[in-house]
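Chain by chain, the residues:
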Amino acid sequence: MESLSAEVPPEVENKIMEVEESVENVMEPEETAAENGKEEVEKAGEEFAYLERNEFTSEIYKIEVKNLGYFGIGEFKKLLRNTLKFDMTKIKAPTRKEFAFVCFRSLEDQQRALETLNGYKWKGKVLKAHSAKASADPLQKKRAAEDQESERKPKKQRTAVEATCPLSHIPYDQQLKQKSEEMSALLAKYTQELRRINPRAKPHLDKFKFQEVLPSPTVDGYRNKNEFTVGKNSAGELVVGFRLGCYSDGSVEVAEVQDLPHLPVQAKWAALSFQEFVRKSKFLPFNPDGNVGHFRQLMVRCSSATGELMLVAGVYSSNLSEDEQTELKQELKSFYDEADKDAPYKCTSLYYQDVKHREAGQMINPVEHISGSTHITDTIQGLQFRISPLAFFQINTEGANVLYQKAIDLVAPTKDTTMLDICCGTGTITLAFAKHCKKVMGVEIVPDATKDAEFNAEANGIKNCKFFTGNADDFIKSMVREALYEQEVGKPVDLIAVVDPPRAGLHHRSIAAIRSADAINRLVYVSCNPHSAKRNFIELARPESKQYKGEPFYPKSAVAVDMFPHTTHTELVILFEREPKTKADEKPAPEEAAAESKSETTADAVGGENTASST
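Residues numbered from 1 in each chain as written. Predicted model: local features only at pLDDT ≥ 70, side-chain atom pairs only at ≥ 80, totals over all residues. Heavy atoms only, no water.

Caption draft 1: Region of interest: the sheet that holds strand 7 (residues 209-214). A sheet is described by the order of its strands in space; here eight strands give the open sequence 7-22-23-21-20-17-18-19, paired in mixed fashion. What marks the edges here is a single partner per strand, and that holds for strand 7 and strand 19 (465-469). Taking each pair of neighbouring strands and ignoring which way they run, the sheet shows an average axis angle of 15 degrees. Relative to strand 22 (residues 554-561), strand 7 runs parallel, the two sharing four bridges. Note on strand 22: the bridge partner recorded for K209 is S557. Contacts from helix 12 (residues 447-459) reach strand 18 (439-444) and strand 19 within the one sheet, and its direction differs from that of strand 19 by about 170 degrees. (Pairing = 2+ DSSP bridges. Helix = DSSP H or I, 4+ residues; strand = E, 2+ residues; numbered from the N terminus. Axes fitted to C-alpha atoms, helices over the stretch in contact; angles between N-to-C directions. Contact = heavy atoms within 4.5 Å.)

Okay, here's the thing in structure tokens:
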């Protein structure tokens, strides 16, 4: 009997090996798919890792409300907050959709909302509500997408100059020409929209003129306030500079600022000195990817008039004990005390700021004075202004001289004029108007800024002024009443308002308060972001309605000032005036009423909670 273990011929052995290899090759995709699936699960886990941190996030207590029909975000907020008394943290509503996401502070609040809203009847609709999944971390989500994209084509990262000074490669006269064209186009769209919303505005708009964009007296090194981020550059080096993107876009890279033309040399030195300090310290730089580390940012304020330099070190303290915070503050103080001996510039005011997640109702991150003076001083319109760390002050001091003079020229106040400054900051505009008016009054939400305004008035010997602390919409009516109470009998009232709000513009309640104050006949709107402020321009000039009582303010004249050379931003000043109400004006024509109703619905859909405060 022949043996079954006979030797296999070489040609047959080769075929067997080929078959074995082919079997291995067949198995590889399955193994790869399993591993890829595991990696995808890990990446998905990273996108939601923030939920496991020992920090509050309202994404945990999130619900989805469906079957809302066509609704405005403002009216939905009013339903939740005023009618149903819910304590929610945020509302996210995609445009032109019939659903919205609402986040709460606790499981109890979430459950109460679910029980109340599920089956609740609103605007002829029966609402449906259920728990919703938390949103993915935008940074981790963007990274996962970039990992896949990078296999197809490499992505070019922007430089610090491209990110912050996109016009710096263009001659300055060409920058002004470009900005003039942009402002003209924006105002053309605004007037076109206003003609549709308020047909009675047509004769006023026919006379409305945009003058020009005035140049900044200082083109380079004009920024007197800068907020730098502590992070890593593309090479992985620890730097203090500007972020090249935002966290929600998946970017945490930081670039140095030494080549940026709009920064003064003092600010560049401050960034380098703090960079040296952070690199030497045993405490770590903050990393938003996981919320670990400590050094988060550096705010720098400098005065062109006095050369003073204020530094505010922003520290994430959630992972620091009180003893460690004390040690860090002492380390910071010692570093700048010693550095000042041989340094080309001197830190005259040093602060520590606790930068972490704010508690409910907390408006600002608190600051603590470490060493030096508590304020710096700068000059506008020949007046000296004391500036505290968190107070608003115009970024471009020399440009502010031009800006305020143009505002004064446009409204042309007299010795019989009372002026109301809404969002007054440290009182720069208020006090600049004071010598031209009978009385000036200002309101500001930041208490320290109001204190600075009062100090500045006294330091400059200005007596005809008064300042209030709080939300603008809460004080407008009381300021108007005070102005009318002090008016001499028989003399015509000349009451003007000046608004210089944050980038997002005024809250619609502030606009409504201004509209309803019949005594205000002229208004100057100073906007650092005209694209966002266009909503306010429309609200001021739309026909009288239930929401906006009082005659509309029509635009008369506009001028822009280039407060931000080398960037795409421009400061726009518009003078609005309104005509006395007549009996013929009391009832709008049917077509105007229809236009008004439709435009108000649109405004509700886009209106947001933009607090009337200074930045």
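Caption draft 2: Up close: the sheet that holds strand 3 (residues 100-104). Here we have four strands laid out as an open sheet, ordered 2-3-1-6, and antiparallel in their pairing. Single-partner strands in this sheet number two, and they are strand 2 (88-92) and strand 6 (128-131). This sheet shows a mean twist of 25 degrees between the axes of neighbouring strands, independent of strand direction. Relative to strand 3, strand 1 (residues 62-66) runs antiparallel, the two being bridged by four bridges. Its bridge partner lying in strand 3, E64 is registered against F101. Each of strand 1, strand 2 and strand 3 is contacted by helix 2 (residues 73-83), which is oriented at about 150 degrees to strand 2, the strand it contacts most.

Caption draft 3: Quick peek at the packing of aromatic side chains. For the coordinates displayed, the defined rule picks out 17 aromatic pairs. Aromatic side chains Y190 and F537 sit 5.6 Å apart centroid to centroid with 65 degrees between the ring planes, which places their arrangement in the edge-to-face category. Of this pair, Y190 sits in helix 6 (residues 172-197) while F537 sits in helix 15 (residues 530-541), and the two are 347 residues apart along the sequence. In this pair, the class of Y190 matches that of F537, namely buried. In textbook terms, an aromatic cluster arises when at least three aromatic residues are bridged by ring pairs, as seen for F274, F277, F295, F335 and Y336. Note that K62 overlies the ring of F101, its terminal NZ or CZ placed 4.9 Å from the centroid. (Phe/Tyr/Trp six-rings, centres within 6.5 Å; stacked < 30°, edge-to-face > 60°. Buried < 20%, exposed > 50% of the residue type's maximum accessible area, 1.4 Å probe, protein only. Lys NZ or Arg CZ within 6 Å of the ring centre and 35° of its normal.)

Caption draft 4: Inspection of the environment of K177 at higher detail. Mapped onto the fold, K177 is located in helix 6. Among the residues examined, K177 registers a relative accessible area of 47% and is labelled partly exposed.

Shape is all these values report; function is a separate question.
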